[in-house]
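# A closer look at the structure
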Amino acid sequence: MLAAAAVLMAGFGLIYFFWKESGSRKPLVFKALATFMPVLLALYRAAVTEEVSAWWIFAGVVFYMAADVLLEIWFLTGVASFGIGHICVITGFLYMGAASWYVAGCFVILYGMMFVAVRRYLKDLENLLVPGLAYAALLCVMAAMAVSLGIQHFALPAVLTGIGGVCFVVSDTILGWSHLSGKRRRAYSAVLLVLYYLAVYLLAAGQYFVA
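Sequence order sets the numbering: in each chain, residues are counted from 1 along the sequence as written. Residue-level local features of this predicted model are given only where pLDDT is at least 70; pairs of side-chain atoms are given and counted only at 80 or more, and the full residue set underlies all totals for whole chains, interfaces and linings. The side-chain quantities take in all heavy atoms of the structure and omit both hydrogens and water.

## Quick notes on the overall build of the protein chain
Quick reminder of the rule: By the criteria applied, helices consist of DSSP H or I runs no shorter than four residues and strands consist of E runs no shorter than two, each listed in order from the N terminus. For this measure, only C-alpha atoms enter the radius of gyration; the expected value for a globule follows 2.2 Å times N^0.38, where N is the number of residues. When a residue's accessible area, from a 1.4 Å probe over protein chains only, is under 20% of the maximum for its type it is buried; when over 50% it is exposed; and in between it is partly exposed. Two residues qualify as a contact provided that any one of their heavy atoms is within 4.5 Å of a heavy atom in the partner residue. Charge counting treats Lys and Arg as positive and Asp and Glu as negative, with His and both chain ends excluded. For charged residues, the charge sits on one atom: NZ in Lys, CZ in Arg, CG in Asp, CD in Glu.
A tally of regular secondary structure across the protein chain gives nine helices and zero strands. Walking the protein chain from its N terminus toward its C terminus, one meets helices and strands in the order α-α-α-α-α-α-α-α-α. The C-alpha atoms of the protein chain give a radius of gyration of 16 Å, which matches the 17 Å a tight globule of 211 residues would have. Across its three principal directions, the C-alpha atoms of the protein chain cover 45 × 35 × 25 Å. Here the protein chain, with 211 residues, has 44% of them falling under the buried criterion. Long-range pairs, those at least 24 residues apart, make up 75% of the contacts in the protein chain with a sequence separation of at least 6. Of note, the protein chain has its 12 positive side-chain charges centred 11 Å away from the centre of its 8 negative side-chain charges.

Written as structure tokens, this is what we have:
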């Protein structure tokens, strides 16, 4: 099931990537279908285990899928949907025991990395500066908790959850940097899309092993 979801996700993602420059909104269907694969994984996990944490992770991935589409129609609404998704995943990680002193250290590193990458462009955000910094903080808290789970369990499957969180931060950092700097090359789009899909997949699939 995990392999099938990964293959389908990659397939839908490729269709979206090579069709998205057409100017039509039809490719967004495939973008959503790609993220729908982790949604199914998270739903199956939640339904089978009936764990509160699994249902929160499922809710978070659903908001990520919605954000995928909204981001390209109403950008700020998409960002808000991602933010709600991060809150849901954070709640799920709390139920999984992710709260530890590791979280603070990981947060400082990840947030610092994002700040350094886009610091010269922050002035261009103007009224969106505070919401932007708040979103970045939410993202980095989620990723820090994912890394904390990997450290606490100290096993490869658990570490994959942490890798997923880090991939999410790197993907959003590339997105923010390319958007603010105006350097929107196709290669950057490909890298951030791969990292994003990998992040959502690992966050949904990692809980199969971290229970």
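## A short note on the side chain of K31
Assignment of secondary structure puts K31 in helix α2 (residues 27-49). For K31, a relative accessible area of 8% gives the class buried. Once residues lying within four places of it in the same chain are set aside, the contact partners of K31 are Y16, D68, E72 and Y197.

## Quick word on the state of the cysteines
Stated precisely, the cut-off is as follows: The term disulfide is used for any two cysteine sulfur atoms that are within 2.5 Å.
Overall, the coordinates contain zero disulfides when judged by the stated rule. Free of any disulfide, C88 has its nearest cysteine sulfur in C140, 18 Å distant. A disulfide-free cysteine, C167 has its sulfur positioned 14 Å from the sulfur of C140, the nearest such atom. The class of C167 is buried, set by a relative accessible area of 9%.

## Remarks on the confidence of the model for the protein chain
For residues with low pLDDT, the predicted coordinates do not support detailed interpretation. Short version of the rule: Each residue gets a pLDDT score, which is the predictor's confidence in that residue and runs from 0 to 100.
Put simply, the protein chain has an average pLDDT of 87, and 96% of its residues get 70 or more. By mean pLDDT, the top-scoring element of the protein chain is helix α3 (residues 52-70) (94), and the lowest-scoring one is helix α9 (residues 207-210) (58).

## Here we look at the packing of α3 against helix α4 (residues 75-95)
Which entries qualify depends on this criterion: Here an angle of 0 to 180 degrees is reported between the N-to-C directions of two axes, which are lines fitted to C-alpha atoms, with helices fitted over the stretch in contact. Put simply, angles under 35 degrees are roughly parallel, angles over 145 are roughly antiparallel, angles from 65 to 115 are roughly perpendicular, and the rest are oblique. By convention the crossing between two helices is left-handed if the near helix lies anticlockwise of the far one by an angle smaller than a right angle, and right-handed if it lies clockwise. Throughout this entry, Asp, Glu, Lys and Arg are counted as charged residues, while Ala, Val, Leu, Ile, Met, Phe, Trp, Tyr, Cys and Pro are counted as nonpolar. The remaining residues, Gly among them, count as polar.
One can describe the packing of α3 onto α4 by two numbers: an axis separation of 7 Å at closest approach and a directional angle of 165°. As far as their axial angle goes, α4 and α3 are roughly antiparallel. By crossing handedness, the relation of α3 to α4 is classed as left-handed. Grouping the constituent residues of the contact of α3 with α4 by class yields 16 nonpolar, nine polar and one charged.

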